[in-house]
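# Close look at the chain arrangement
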Amino acid sequence: MTARFTGKVVLITGGGTGIGRATALAFGREGATVMVSGRRAEPLAETVKLIEAEGGRADHATADVSRSADVERLVATTVARHGGLHVAFNNAGVLGAGPVPDLDEDTWNAMVGTNLTGVFLSMKHEIAHMRGNGGGTIVNTASNPVTAVPGLGAYAATKEAVVALTRAAARDAIGDGVRITAVAPGPVDAPMTFLPGEAPADRDARLAPHIPIGRVGGAAEIAAAVLWLASPESAFVVGHGLVIDGGVSA
Ligand SMILES: NC(=O)c1ccc[n+]([C@@H]2O[C@H](COP(=O)([O-])OP(=O)(O)OC[C@H]3O[C@@H](n4cnc5c(N)ncnc54)[C@H](OP(=O)(O)O)[C@@H]3O)[C@@H](O)[C@H]2O)c1
């Protein structure tokens, strides 16, 4: 087992489920102290338990990434409890569907608030700490670029905006030793890809025909990319959004 993150403190938003949990486990296996965050405490506590059961170090704190005060407190709590913040994975996201003409403003605002403002606020408060404390790496979660999917316009808009924001923020922060990138996953085995009440086999049968590789991705496959982007192995990668989608956007 390699331990690329021994002595590092890693903050993960949306760390209680799906891609966030898989990434938290992967960082835990590589020696990091992992702080997972989200709005609900229960899934976060479960992620911590899973990491600790493997001999890793983890902690959790609730925060809503769409609220600046929550995010500021989350970063401060992470630093106060664990002595620093070296890596952040800004992964919290929500999927709301509906054709643009029918989409209600509350759904639109909730998606922008979490998916875009949440990434902005997270980077803002993380960079504020990192730039005066030896730098760090930040990975944001966008989504794969696809031809417009009816009903997903608002979601796609927030995620394309995350790629643009990642590029701009990366240029703003690289001079201060903070290196920012993004992952842009395609359909991944995580709660977000299920229709209400859908069984895993039905979800797979619905999505697989639209994915050139013939299957949905594993959350651990996204985690592996996040760890690489967060590590010194990718030191010359700045502002890049890495598409990981089984060929959907190829
Ligand atoms: N699964 C896919 O196929 C796929 C593809 C492309 C991109 N993505 C992106 O990958 C990321 C992770 O999604 P997932 O697939 O792992 O689905 P997920 O299990 O639904 O994860 C989303 C996480 O975000 C947290 N969250 C939502 N709103 C939040 C807020 N306002 N503040 C803090 N935390 C919040 C949720 O926890 P709480 O509800 O407890 O807050 C949850 O843990 C998302 O950004 C998603 O858009 C997923």
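Just so it is clear, the model here is predicted, and its values are computed rather than measured.

## Some words on helix α2 (residues 41-53)
Here α2 spans 18 Å end to end across 13 residues, near enough to the 18 Å set by a 1.5 Å rise per residue. Residues of α2 that are buried in the fold lie against α1 (18-29), β2 (33-38) and β3 (57-62). Where α2 terminates, the next one or two residues include G55, which has phi positive at roughly 90°.

## With respect to the packing of aromatic side chains
Per the counting criterion, the structure on display carries 1 aromatic pair. With a centroid separation of 4.8 Å and 75° between ring planes, the pair formed by F5 and F27 is classed as edge-to-face. Taken as a pair, F5 in the segment before β1 (9-13) and F27 in helix α1 lie far apart in primary sequence, 22 residues in all. The class for F27 is buried, based on a relative accessible area of 0%. Geometry around F194 places R203 over its ring, the cationic atom sitting 4.2 Å from the centre.

## So, the site of the ligand
Near the ligand, the surroundings consist of 28 residues, among which T17, R39, R40, Y155 and V188 are the closest. Here an oxygen atom of the ligand sits 2.8 Å away from a polar atom, N or O, in the main chain of N91. In isolation the ligand exposes 870 Å². Once the protein is present, 93% of that is buried. Elements with a minimum of two residues in the shell around the ligand: α1 and α5 (153-173). Its residues assigned to classes, the shell around the ligand comprises 13 nonpolar, 11 polar and 4 charged.

## Description of the environment of G31
Tracing the chain through its elements places G31 in the loop between α1 and β2. Judged by relative accessible area, which is 27%, G31 ranks as partly exposed. Taking the C-alpha atoms as reference points, G31 and A3, separated by 28 residues in sequence, lie 5.3 Å from one another. In contact with G31, other than residues within four places in its own chain, are F5, T6 and G7.

## Overview of the packing of α1 against helix α7 (residues 219-230)
It is the contact of α1 with α7, at a shortest axis distance of 8 Å, that shows an interaxial angle of 55°. As judged from the angle between their axes, α1 and α7 are oblique. Crossing of α1 over α7 shows right-handed handedness. Contacts between α1 and α7 pair G18, I19, A22, T23, A26 and F27 from the former with A219, A220, I222, A223, V226, L227 and A230 from the latter.

About the criteria used
Residues numbered from 1 in each chain as written. Predicted model: local features only at pLDDT ≥ 70, side-chain atom pairs only at ≥ 80, totals over all residues. Heavy atoms only, no water. Helix = DSSP H or I, 4+ residues; strand = E, 2+ residues; numbered from the N terminus. Expected span 1.5 Å × (residues − 1). Contact = heavy atoms within 4.5 Å. Phe/Tyr/Trp six-rings, centres within 6.5 Å; stacked < 30°, edge-to-face > 60°. Buried < 20%, exposed > 50% of the residue type's maximum accessible area, 1.4 Å probe, protein only. Lys NZ or Arg CZ within 6 Å of the ring centre and 35° of its normal. Near = heavy atom within 4 Å. Polar contact = N/O pair within 3.5 Å; in protein donor to acceptor, adjacent residues only side chain to side chain. Areas by Shrake-Rupley, 256 points an atom, 1.4 Å probe, with all protein chains shown as cover. Nonpolar A, V, L, I, M, F, W, Y, C, P; charged D, E, K, R; others polar. Axes fitted to C-alpha atoms, helices over the stretch in contact; angles between N-to-C directions. Parallel < 35°, antiparallel > 145°, perpendicular 65-115°, else oblique. Left-handed = near helix turned anticlockwise from the far one by under 90°.

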